[in-house]
Number of protein chains: 4
Amino acid sequence: MRQKKPKYIQIIDAAVIVIAENGYHQAQVSKIAKQAGVADGTIYLYFKNKEDILVSLFQEKMGVFIEKIEEEIKSKKNAADKLYSLIDKHFTLLSEDHHLAIVTQLELRQSNKDLRLRINEVLKGYLNVVDKIISDGKENGEFREELDVRLARQMIFGTIDETVTTWVMNDQKYRLTDQTKKVHDLFVNGLSTKN
Amino acid sequence: MRQKKPKYIQIIDAAVIVIAENGYHQAQVSKIAKQAGVADGTIYLYFKNKEDILVSLFQEKMGVFIEKIEEEIKSKKNAADKLYSLIDKHFTLLSEDHHLAIVTQLELRQSNKDLRLRINEVLKGYLNVVDKIISDGKENGEFREELDVRLARQMIFGTIDETVTTWVMNDQKYRLTDQTKKVHDLFVNGLSTKN
Amino acid sequence: MRQKKPKYIQIIDAAVIVIAENGYHQAQVSKIAKQAGVADGTIYLYFKNKEDILVSLFQEKMGVFIEKIEEEIKSKKNAADKLYSLIDKHFTLLSEDHHLAIVTQLELRQSNKDLRLRINEVLKGYLNVVDKIISDGKENGEFREELDVRLARQMIFGTIDETVTTWVMNDQKYRLTDQTKKVHDLFVNGLSTKN
Amino acid sequence: MRQKKPKYIQIIDAAVIVIAENGYHQAQVSKIAKQAGVADGTIYLYFKNKEDILVSLFQEKMGVFIEKIEEEIKSKKNAADKLYSLIDKHFTLLSEDHHLAIVTQLELRQSNKDLRLRINEVLKGYLNVVDKIISDGKENGEFREELDVRLARQMIFGTIDETVTTWVMNDQKYRLTDQTKKVHDLFVNGLSTKN
DNA sequence: GATGAATGAGGGTTCATTCAT
DNA sequence: CATGAATGAACCCTCATTCAT
């Protein structure tokens, strides 16, 4: 029973497991408390309410996510290489944590509009990283000048997200990281042969 | 009070309005009935249960959606033109029905896994249209041979979906259709200048 | 489709079948109407409300029941013989109509107090027949003078009823009429050897 | 507000009162909770669902019932005396708790087949006591050898039950215990003078 | 800090009955 | 006489949150 982790983290990790295994709507506070090995009431010493658990979960996990991606792309010089690293790391990190993949791709989306807006706030950090890559690419001539950064970011994020979601919905049966190269190629070169 | 529309359609239209204005979790059957101008019990003469209203709503609206898109692209010869029409029609149709846009992009996603799976079934019709365009493009040499159709489809759908969702979340403040050309350009030509 | 029977009887017979096959709480008016081959609304041309169907059902069937029993015992001279005939006819009639047995022994008892009071009114005709047998028996010296007629009647009816109910609950697996003699013997001679 | 009784008992007692005073179909969970002085939700900390309240009620009360009867007849040597005690105690216990009498004789019988089957399970304990008395009586020569135990039990239980029900339906206007002797006499000696 | 028993608001669905045709 | 579409009241149960210990 040695739980070195502070209760705050203990509870968030418990929430990920409970939500992944039971689904968003079956993830009662009491279940999370049980999984975390604390009393129901204890939850409320660390979180304002249930929504706060979920936002914190997202912040905590997404924070690590962004840190690792930034770490990874720091060493790359080209925007295209950075983009490759981002896709690769994104796929890799979610492949390594199946529970987290289910929670972020499927379950947390069932939350109401308010919660999703707050989750979007957290997501902005990630989207800023993408924006930076695109801007850098435009500046150094790798990417086309006329690109609309927001649209390009929506393509990149939308595609990655859709790809991961499809993979999760297929019960993670194939290797997500096998798709990195092809996704990157699509981003950089598009569909057309005419280029 | 002249209601020419059959009750089935009346109720679905009412559901769209109620869900758009109140949110998925605040869309009680009694509210939908009131909006439709019928008694609560009447709902159950036309729908098996509440979930059935939502699935039917999606089928009905998405059915029209697909029909109109197919109609639109039928006249186009090039895959690239067809893709343009698809994006354009997708954006146009949702721009013309703000309520429906809110419902499909935000609210219906809060439904539970069962409902989402049934909604995905309906979506397949749309995704098949996209797949067809990509395959056709590969065959006639417009698109690259080595394209992975599923991935390309995920890019197209993921991007369009993300674009619309962002637009809805920004309260539909700008004109979605203004983005058609740029989205299409991204799909066809990618990010890179190197082409 | 030749339905010679008047609708009134048609509906009562339908009610017996529907209740026996679906249970009291699953015997909706619409089901009875369907079984009777009439529209829901038609029921209300012949019966005041649902309760009226059930009371009428009981009156109609119990009326025949009493008539047949009275017919049967008319020819008997002894009270003991009359009692035997009554038991025998009671068992026989219910054995011959399994649906009716289920309805009267199990299903109709689930009705509310009001309905049961009205059913008891109908039952009085039957109980009067029993009372008459007992009184006659006392008068002609067959039965003991000191008998409390009401109690004796409660014994006879309670025992017969319990016996039939047990038989119905055991899915009518054995022959009810095989018990006539032993039940009669119990009534007449009691448990004791001392007599 | 000193409520020494555990909540479980508190709720069952409340259920007896509410059902007796309002009838089975008007005994809403919220009414029972109010009568018990607890919140609606508290009910579900002690009972799985509404049916569970009713089955538990029957088990709890019938358990006491059987215990007291067994206690009472233990000291009697004769089967006839035991039978007398059983009738007497049965009548006495229900006379002392008018609410319980209404609930067991009238209201609980309106429950659906499932619940009634579960109630019958509980009843078996009582019926076994009766069977034992009859068997003992046969063995020691008090009762006739040729008696069918099941039939004799059906007579005893059916008669007692019918007697109590009639008494309850007559609003418990007369003293039930006044009938003990006569009922016992009927059981032992039967109707006939010929003995 | 930690507990967990208690709270109580909220909604999908059924079905007897009506009444315009 | 007959129809059957429409009505609308009524209730069990869950679970996030609190607070006395």
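Just so we're clear, the structure is a prediction, and the values are computed from it rather than from any experiment. (Residues numbered from 1 in each chain as written. Chains lettered and ligands numbered in written order. Predicted model: local features only at pLDDT ≥ 70, side-chain atom pairs only at ≥ 80, totals over all residues. Heavy atoms only, no water.)

Asks: Can you break down the protein's contact with DNA strand E residue by residue, with the values?
Replies: Near DNA strand E there are 28 residues, and of these T42 of chain A, Q28 of chain B together with K7, T42 and Y46 of chain D occur at the shortest range. Within 4 Å of the protein, the atoms of DNA strand E are drawn from sugar and phosphate moieties in a proportion of 71%. One nitrogen or oxygen atom from the main chain of G41 of chain A is found 3.2 Å from a base nitrogen belonging to DNA strand E. Side-chain polar atom of Y46 of chain A to a phosphate oxygen of DNA strand E: 2.7 Å apart, as the coordinates give it. (Near = heavy atom within 4 Å. Polar contact = N/O pair within 3.5 Å; in protein donor to acceptor, adjacent residues only side chain to side chain.)

Asks: Just give me the short version of the protein's contact with DNA strand F, but keep the residues and values in it.
Replies: In the neighbourhood of DNA strand F, 28 residues make up the surrounding shell, with K7, T42 and Y46 of chain B, T42 of chain C together with Q28 of chain D lying closest. Close to the protein, within 4 Å, the atoms of DNA strand F are drawn from sugar and phosphate at a rate of 71%. The side chain of T42 of chain B places a nitrogen or oxygen atom 2.3 Å from a phosphate oxygen of DNA strand F. K7 of chain C is positioned with one of its side-chain polar atoms (N or O) 2.7 Å from a phosphate oxygen of DNA strand F.

Asks: Explain the interface of chain D and chain C to me, and be specific about the residues and the numbers.
Replies: Listed by partner, the interface residues are 44 residues for chain D and 45 residues for chain C. Taken over both partners, the interface formed by chain D and chain C buries close to 4,300 Å², and the fraction arising from carbon and sulfur atoms is 57%. Contact with chain C buries surface across chain D, with R144, L151 and L191 of chain D losing the most and accounting together for 18% of the total. Measuring nitrogen to oxygen at the nearest pair gives 2.9 Å for the salt bridge that ties K182 of chain C to D148 of chain D. At the level of elements, helix 6 (98-107), helix 7 (113-139), helix 8 (149-169) and helix 9 (180-189) of chain D are the ones that each hand at least two residues to the side of chain D that touches chain C. (Contact = heavy atoms within 4.5 Å. Buried area = accessible area lost by both parts, 1.4 Å probe. Salt bridge = Lys/Arg side-chain N within 4 Å of Asp/Glu carboxyl O. Helix = DSSP H or I, 4+ residues; strand = E, 2+ residues; numbered from the N terminus.)

Asks: Kindly report on the packing of aromatic side chains, identifying the contributing residues and their values.
Replies: Enumeration over the complete set of coordinates arrives at 12 aromatic pairs over all chains. Taking 5.9 Å as the distance between ring centres and 65° as the angle between the ring planes, the aromatic pair formed by Y126 of chain A and F157 of chain A counts as edge-to-face. Of the two residues, Y126 of chain A is situated in helix 7 (residues 113-139) and F157 of chain A in helix 8 (residues 149-169); the sequence distance between them amounts to 31 residues. The pair Y126 of chain A / F157 of chain A is uniform in exposure class, with both members buried. Each ring, one from Y8 of chain B and one from F47 of chain B, has its centre 5.1 Å from the other, and the planes form 15°; the classification is stacked. Of this pair, Y8 of chain B sits in helix 1 (residues 7-22) while F47 of chain B is found in the loop between helix 3 (40-46) and helix 4 (50-74), placing the two residues 39 residues apart along the sequence. (Phe/Tyr/Trp six-rings, centres within 6.5 Å; stacked < 30°, edge-to-face > 60°. Buried < 20%, exposed > 50% of the residue type's maximum accessible area, 1.4 Å probe, protein only.)

Asks: Please provide a residue-by-residue account of the relation of the copies chain B and chain A, values included.
Replies: Superposition record for chain B on chain A: RMSD 0.3 Å, screw rotation 179°, translation along axis 0.2 Å. Each copy turns onto its partner about a two-fold axis. Most of the interface of chain B is mirrored in chain A: 100% of its interface residues are interface residues there too. (Least-squares fit on C-alpha atoms with pLDDT ≥ 70 in both.)

Asks: Any details on the domain arrangement of chain A? Residues and values, ideally.
Replies: All names here are of chain A. Per the domain assignment, the segments of chain A are domain 1 (1-47) and domain 2 (50-189). Domain 1 and domain 2 are separated by 26 Å when their C-alpha centres are compared. Tallying the contact residues gives 18 residues for domain 1 and 17 residues for domain 2. For the pairing of domain 1 and domain 2, the buried interface totals around 1,600 Å² over both sides, and the portion due to carbon and sulfur atoms is 72%. Inspection of the domain 1/domain 2 interface yields 1 salt bridge. (Domains from an automatic or database assignment.)

Asks: Kindly report on the UniProt feature "domain: HTH tetR-type" (unreviewed entry) in chain A, identifying the contributing residues and their values.
Replies: As annotated in UniProt, the feature "domain: HTH tetR-type" (unreviewed entry) corresponds to residues 5-65 of chain A in the numbering used here. The span residues 5-65 of chain A shows a helical share of 77% and a strand share of 0%, and its end C-alpha atoms are spaced 19 Å apart. (UniProt positions renumbered as here; feature names shortened; annotations may be inferred.)

Asks: Describe in detail the interface of chain B and chain A, supporting the description with residues and values.
Replies: Listed by partner, the interface residues are 44 residues for chain B and 45 residues for chain A. When chain B packs against chain A, close to 4,300 Å² is buried across both sides, 57% of that on carbon and sulfur atoms. Broken down residue by residue, the surface that chain B buries against chain A is led by R144, L151 and L191 of chain B, which jointly contribute 18%. There are 4 salt bridges connecting chain B and chain A. Run the count over chain B and chain A and you get 25 residue pairs in polar contact (both at pLDDT 80 or more). Every element with two or more residues in the side of chain B that touches chain A is listed here: helix 6 (98-107), helix 7 (113-139), helix 8 (149-169) and helix 9 (180-189) of chain B. When residues in the side of chain B that touches chain A are grouped by element, the largest group, 13 residues, is from helix 8 of chain B. Considering only residue class, the side of chain B that touches chain A consists of 16 nonpolar, 17 polar and 11 charged. (Nonpolar A, V, L, I, M, F, W, Y, C, P; charged D, E, K, R; others polar.)

Asks: So what's going on with helix 6 of chain D? Which residues, and what values?
Replies: Taking burial as the measure, the 10 residues of helix 6 of chain D include 8 buried ones, the bulk of the element. All of the buried residues along helix 6 of chain D are L100, A101, I102, V103, T104, Q105, L106 and E107 of chain D. Its buried side turned inward, helix 6 of chain D meets helix 7 (113-139) of chain C together with helix 1 (7-22), helix 4 (50-74), helix 5 (79-96) and helix 8 of chain D.

Asks: Residue-level account of the relation of the copies chain D and chain C, with values.
Replies: Under the fitted operation, chain D is carried onto chain C by 0.2 Å of movement along the axis and a turn of 179°, and the coordinates agree to an RMSD of 0.3 Å. Comparing contact sets, 100% of the residues at the interface of chain D also lie at the interface in chain C, consistent with an isologous, same-surface contact.

Asks: For the packing of helix 5 of chain D against helix 9 of chain D, give the residues involved together with the corresponding values.
Replies: Residues and elements named next belong to chain D. As a packed pair, helix 5 and helix 9 sit with axes 10 Å apart at the nearest point and diverge in direction by 140°. Relative to helix 9, the element helix 5 lies oblique. Crossing angle aside, the handedness with which helix 5 passes helix 9 is right-handed. Contacts between helix 5 and helix 9 involve A80, L83, Y84, I87, D88 and F91 from the former and T180, K181, V183, H184 and F187 from the latter. Here the residues of the contact of helix 5 with helix 9 are counted per class, giving 7 nonpolar, 2 polar and 2 charged. (Axes fitted to C-alpha atoms, helices over the stretch in contact; angles between N-to-C directions. Parallel < 35°, antiparallel > 145°, perpendicular 65-115°, else oblique. Left-handed = near helix turned anticlockwise from the far one by under 90°.)

Asks: Quick one: what's the story with the nonpolar core, residue by residue and with numbers?
Replies: If you look at the biggest cluster of nonpolar residues, it comprises 131 residues, and the most contacted ones within it are Y126, F187 and L191 of chain C together with Y126, F187 and L191 of chain D. Both domains that furnish three or more residues to this core are identified here as domain 1 (1-47) and domain 2 (51-189) of chain C. In this structure, I11, A20 and I32 of chain A together with F58 of chain B belong to the second largest nonpolar core, which totals 130 residues. (Core = buried A, V, L, I, M, F, W, Y, C linked by side-chain atoms within 4.5 Å.)

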